[in-house]
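Structural features, examined
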Amino acid sequence: MNNSYAGPSSASADASATRRNSKRPKYSKFTQQELPACKPILTPQWVISVFTLIGLIFVPIGVASLFASNNVVEIVDRYDTECIPKNMTDNKIAYIQNQAINKTCIRKVRVPKDMDQPIYVYYQLDNFYQNHRRYVKSRNDAQLRDEKKANETSGCDPEKTAANGSPIVPCGLIAWSLFNDTYTFTRGNQSLTVNKTNISWKSDRDHKFGSNVFPKNFQNGTLVGGGSLDLNKSLSEQEDLIVWMRTAALPTFRKLYGKIEVDLKKNDIITVVLKNNYNTYSFSGKKKLVLSTTSWLGGKNDFLGIGYLTVGGLCFFLAAAFTVVYFVKPRKLGDTSYLSWNRTGTGR
Amino acid sequence: MFGCLRRRWSRRRSGSLDRQKASGAGYSRVVHCNDPEIQEDDRPLYPLNAVSTTKYTIANFLPKSLFEQFRRVANLFFLVVACVSFSPLAPYRAVSILLPLVVVVGATMAKEAVEDWRRKKQDIEVNNRKVMVYDGSHAFYQTEWKRLRVGDIVKVEKDQFFPADLVLLSSSHDDGICYVETMNLDGETNLKTKQCLQVTTMLCSDHSFQKFKALIKCEDPNENLYSFVGTMYHEGTQYPLSPQQILLRDSKLRNTQHIYGLVIFTGHDTKVMQNAMDPPSKRSKIEKRMDKIIYILFTSLVLLSSTGSIFFGIQTKQDISDGKFKRWYLRPDKSSVLFDPKGASLAAFCHFLTGLMLFGCFIPISLYISIEIVKVLQSTFINNDQEMYCEESDKPAQARTSNLNEELGQVNTILSDKTGTLTCNLMQFVKCSIAGVAFGSGLTAVEPGLGGLKQYCTFEIEDLPHSPAVSRKTVKGFEIEDPSHSPAVSRKTVKGFNLRDDRLMDGHWVNEPNSDFIQKFFRTLAICHTVVPVIGNKSSEIYYEAESPDEAAFVVAARELGFEFYERTQTSISLHEFDPKIGRDVDRSYTLLNMLHFSSARKRMSVIVRDEEEQLLLFCKGADSAIFENLADDGRLFELETKRHIDEYSEAGLRTLAVAYRKLSEEEYKTWHAEFLMASNAVTADRDEMLDAAAEKIEKDFILLGATAVEDKLQKGVPECINKLAQAGIKIWVLTGDKLETAVKIGFACDLLRKGMRQIVVTLDTPDMNALEKQGRREAFEKASYESIARQLNEAHSQVTVSKEISIPFALIIDGKSLGFALSRNLENLFLDLAIRCASVICCRTSPKQKAMVTRLVKCGTRKTTLAIGDGANDVGMLQEADIGVGISGVEGMQAVMSSDFAIAQFRFLERLLLVHGHWCYRRIAAMFPLLHQDGVQNVFFSWTRIIRWMLNGICSSIIIYFLSTSSILIQAFRHDGKPAGLAELGVTMYTCVICTVNLQMALYLSYFTWIQHLFIWGSILFWFIFLVIYGFFPPAISTTAYLVFIETCFQNPFYWLTALFTVISALLPYFVYSTLQANIFPKYHDIVKRMPSTSSP
């Protein structure tokens, strides 16, 4: 110890010297790991109350969601198979690629329940990979936003430039494959106007698609993809394009087509005149027309409600099970007799 | 097993285990001193004295440190990924992978560079120190250390460091003695005496070297600090050189004006530099396992990516069939390589690379650096723990390496030294037996029969009035005298001395019947030692610099009884002695002829002196066995009584030594001396053995004088600490050099042995064996011993296995001799198996080598983490052998600390170090994967099942998150205004779920919340939302798909919140249910303890 070489000095002087140069660690709550702490313990009471609480919250939410979903009236009509002339069912691709054939098709749907306006009109595609890496990257946001940047077509391959080398606006595969089936609705003799404004997100219209950017060289190539655009309308007004270019996450998706702002009554027959232009036959995708109302929770989907009810119910069950176990076979809190060294007495 | 072997070879410091290695080295070094006939060219080429301890040079820093960095698997992987990420393959921008890599690698490299720069600066400073060198003709001139060469003569002044390893030629003291402080070498602060050869003592001035010419042949450079073999050829005569003449670089000249020395080893050849290799890097088990985990993750990454790319390839291939496009919207006819249906296999391969990058976050790049940071923090916590700070010695705990922090939490077996570790190593001379009469009546701390027995040294000085009740004096350090007390009072407070017997005190011993024996007894104590007296500068008091506290206690005891040792020269020892005939103190000087130093083989030391009556005397003190074996027939007068007393003393937990002497005849001495000289002149590796053999020839026919008993008190808190460690399921083995009885008593005193434990004693100390040994037939004895040990071990083993059901704890006690047989190849496993089944194991009479061997046996045999704790040089082997070495920075110098991984001031801090810090460190490191102490011992937190369980939990949670959120959001309108969710909305929802789940999962796992945990858990979740909002406000050119996504689409949307709530709770539920089930129905130890109402903070 340091005393042994400190040489002769009085004990008190020695002690004060060590005090002055003490190596004693400085005190702080952090270094001493003495920060005030709470230590939650999974006691049976605690566990039971947690499960009960979850159950109490989840079951009402589940009921409410299910109720909301049930209030939504939804009409789904698959038309890709029905709208093919009987003689061409074996050769759908030839049918859809043949420009000469008139693609008009008439569908009649019955309203199963009263539908309050607004009634949202969707098209639903299936097996269409808008999330494919090549597809999702094939666009140029700068070009869409700013007319001066029309030449920025990087990433748009192979729909980059027209044959003469001037840039395509909007370039890229997404815009090129724009969905182009159209629907018109009549109820009896009354035609139902489809309102196609405000079907896209406002931020897209205002900030991502320029109001002074107009289509150029669009769908002028040898291979025409999807729909064409109105050359006299700026991109920010072409809401179908904006909706289409907000890519979907999964291969089955719906996109908003428009809104019918008239109430529909139960058993009304709606006649839909549609143009079956869009080729989903190549990749065996279904096409569906959807008319739907919404609730506070959006469209019709029972999953969330059922999920909430299931988890809530499960939690109630677990709470009950724990309670039973707790009463049938109570175990003292911190019962040290369960510790192995108390059980065997040897310290293992 | 391989690790064990490698460790054995990587041991670097001295220790008896290294003997063999030293003998492997040659003895080829030739040093010419002052020999003008030898031309410069003929001199053997030895390196200059400049040293470099740096790891890198400026030229090789970049490549070498980069190489070091990318030897880590994870770093290499990320480097490759970063390179690939510049290609169009990358699913994200290159910077997002490159930046973390550069930060991680750069930070580590910067740390290396700074450390190396510090070393460099230190090297420059050292190399440019000045020293006086003889110029070969007449004078000394000053030069830098780095210019020194082998064969130079240097002059070193007081308080200077020696620039190289020197042979001491002469010193300013007439007798050629000098004092050396070796703090930098072994941390020991006591002064050591060095002594030059008689022939060179006259070289005491600068001019005397003109005619001096010498040649030295000696061993090659090695790292053994305490051995040296060499011969000096001077004027046709050979002179043996021993460590006594060697001054080592980095030690300091003290109490001596100057010395002259001859340089024999320079630069990296010096012993200190040979020692200065990197300590054997002990890698923690977690770190090793971490590498394996990385491999597993990498495998799953490859699997995942390849599965994905196979499907991708198939899909891509089908995009064009018979000239028809399938997914026409991808324009498969004009595709790039990455998606080309015509080259689908190449595209699939590229996709595989992309997948590797995309899922690269599987392998946490920051893992190593996070672990590093955590470890540094943990070391800081250990170093700064006030509860491990020792007030008395002003020493905080010290984590000398941060590698093994979490290993502390997994210790399975502790191998502990006794003296200085369990006890204070502050010796008090309490009893003695002289000529068959026992003196001294003081109670001792470890008196048998008392249940409590727990009396510790407290270190404070008690200034209580002298009374029998307080006769147990407390001690402090080794200053012998406390000047604050007047001489009259001082006797009561003399440290190291607590013999209370009026028959001896104040000169009363003269009246005792065997007073001549008493006189010889204390004379032996005053003469037979290696203590150096130092006259204090303030008073005339004498302080003793002793190598061991026992010796100091003996010298002090002798002084207290009137035999005051006051001067030592190379040739004499002087005492103030009370002469009963004259009735007053006289100064008496004894001519010192030979000193037979203590060796662990002989277990005794002797001194041969010629007294003033020209009588040749040999004084000897040593282990009782070593003395009793060699008694003369007429010296056995008190053998029985002394033996009985020794047994009593050791039963009382005292350390005993026997004291004996013999008279020598001149002829006998002469013949023996010639033999002894020859042995000490030998320049071979087995010189020590030869010296021992020579010593044994004269250490015989002793006349027994008596025995001493020295008390070594238990350290504060030892029994409690041992008890708690035992509760934590840690086994404690005590390896001690003490006698069996002493060890057993200490075992009881410190709670290692308890009532109700069945003791198994394995010993060779039986009458049959002793008889056999006396017959002297070595082979027969060894064979019988082996058989006896084998039989005893087998019996014990069956006894333990049979009574396992009734769960009686067993204690195994084995002595050193038996241990020697038990550690032999054939019995090793039986012994280990037996020992493992016993709750406590005590090995007594063990040598340092046996300590290391036992440690290795436990480590390799059980494959569990072992911790060795000790304080002395004899524990070094054990400390380095164990997975973790803990040094006690106590009284016996710093050697143990220097070779340890952790240093603490007292044994009781071990409890906190292991059970608190070790456990926390372990849990914290183990919890670093996204994926109570007994748990630590069983390696629960980091076991493979646990890792797999966490991985499964992770997979389960991610499956739940994915399917629940996609099924909820699906295709329908996502909001009241009819808009369905796109890629961005689903992404935000899902990622919200992930962030919340991960953080809440952590909150569920944590058992302990301070503001730090609260801040980071809730802060992380909050930060995600803040980030979403702020990033969303960035112009769309920067934020792209995230533009306003939260504010516009999610924030006021009940569906978003309900989906998130539902998904997060569902993802957490499996873990929550599992842990509640496990905690309440199948509890783990830490769960129970956590619930114990009285538990204060762990």
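This text gives an overview of the structure that appears in the document. (Residues numbered from 1 in each chain as written. Chains lettered and ligands numbered in written order. Predicted model: local features only at pLDDT ≥ 70, side-chain atom pairs only at ≥ 80, totals over all residues. Heavy atoms only, no water.)

Remarks on the sheet that holds strand β6 (residues 177–181) of chain B
Residues and elements named next belong to chain B. What counts here: Between any two strands, at least two bridges found by DSSP are needed for them to pair. Going along the chain from the N terminus, every DSSP run of H or I of four or more residues is numbered as a helix, and every run of E of two or more is numbered as a strand. Structural elements are reduced to axes, namely lines fitted to C-alpha atoms, with helices fitted over the stretch in contact, and the angle between N-to-C directions of any two is expressed from 0 to 180 degrees.
Spatial strand order, β7-β6-β12: 3 strands in an open sheet with antiparallel pairing. Among the strands making up the open sheet, the edge pair consists of β7 (191–195) and β12 (252–254). Taken over all neighbouring pairs, the strand axes of this sheet differ in orientation by 45 degrees on average, direction set aside. Relative to β7, β6 is paired through 5 bridges, and the arrangement is antiparallel. Each residue of the ladder has a partner; that of Ile177, found in β7, is Gln195.

A look at the pattern of salt bridges
Here is the rule we go by: Any carboxyl oxygen of Asp or Glu that lies within 4 Å of a side-chain nitrogen of Lys or Arg is treated as forming a salt bridge with it. Three labels apply to residues, based on accessible area from a 1.4 Å probe with only protein chains included: buried if under 20% of the type maximum, exposed if over 50%, partly exposed otherwise in between.
Under the criterion given, the structure shown has 44 salt bridges over all chains. Where Arg331(B) meets Glu159(A), a salt bridge forms, and the shortest distance between an N and an O atom there is 2.1 Å. In this pair, Arg331(B) is assigned in the loop between β15 (324–325) and α9 (344–358) and Glu159(A) in the loop between α6 (141–145) and α7 (173–176), connecting two distinct chains. Here Arg331(B) and Glu159(A) have matching classes, each one buried. For Asp268(A), the salt bridge identified is with Arg187(A), shortest N-O distance 2.8 Å. Of the two residues, Asp268(A) is situated in the loop between β7 (253–260) and β8 (269–275) and Arg187(A) in strand β4 (residues 182–187); the sequence distance between them amounts to 81 residues. For Asp268(A), a relative accessible area of 16% puts it in the buried group. The network of salt bridges with shared partners includes Asp204(A), Lys208(A), Arg246(A) and Glu985(B).

Notes on helix α21 (residues 778–802) of chain B
How we decide: Here the expected length of a helix is defined as 1.5 Å per residue gap, with one fewer gap than residues.
Spanning 25 residues, α21(B) covers 36 Å between terminal C-alpha atoms, matching the ideal 36 Å at 1.5 Å per step. Taken as a whole, α21(B) has its buried residues at Phe781(B), Ala784(B), Ser785(B), Ser788(B), Ile789(B), Ala790(B), Gln792(B), Leu793(B), Ala796(B), His797(B) and Val800(B).

Observations concerning the nonpolar core
All names here are of chain A. To keep things clear, this is the line we draw: Residues belong to a common nonpolar core when they are buried Ala, Val, Leu, Ile, Met, Phe, Trp, Tyr or Cys residues joined through side-chain atoms within 4.5 Å. Working rule for contacts: check all heavy atoms of both residues, and any pair within 4.5 Å makes them a contact.
One finds Phe128, Tyr183, Phe185 and Trp244 to be the most contacted residues of the largest nonpolar core, which totals 53 residues. Elements with a minimum of two residues in this core: β2 (104–110), β3 (119–125), α7, β4, α9 (239–245), β7, β8 and β9 (287–292). Apart from residues no more than four positions distant in its own chain, Phe185 is found in contact with Val121, Gln190, Ser191, Leu192, Val194, Ile260, Ile270, Thr271, Val272, Leu289 and Leu291.

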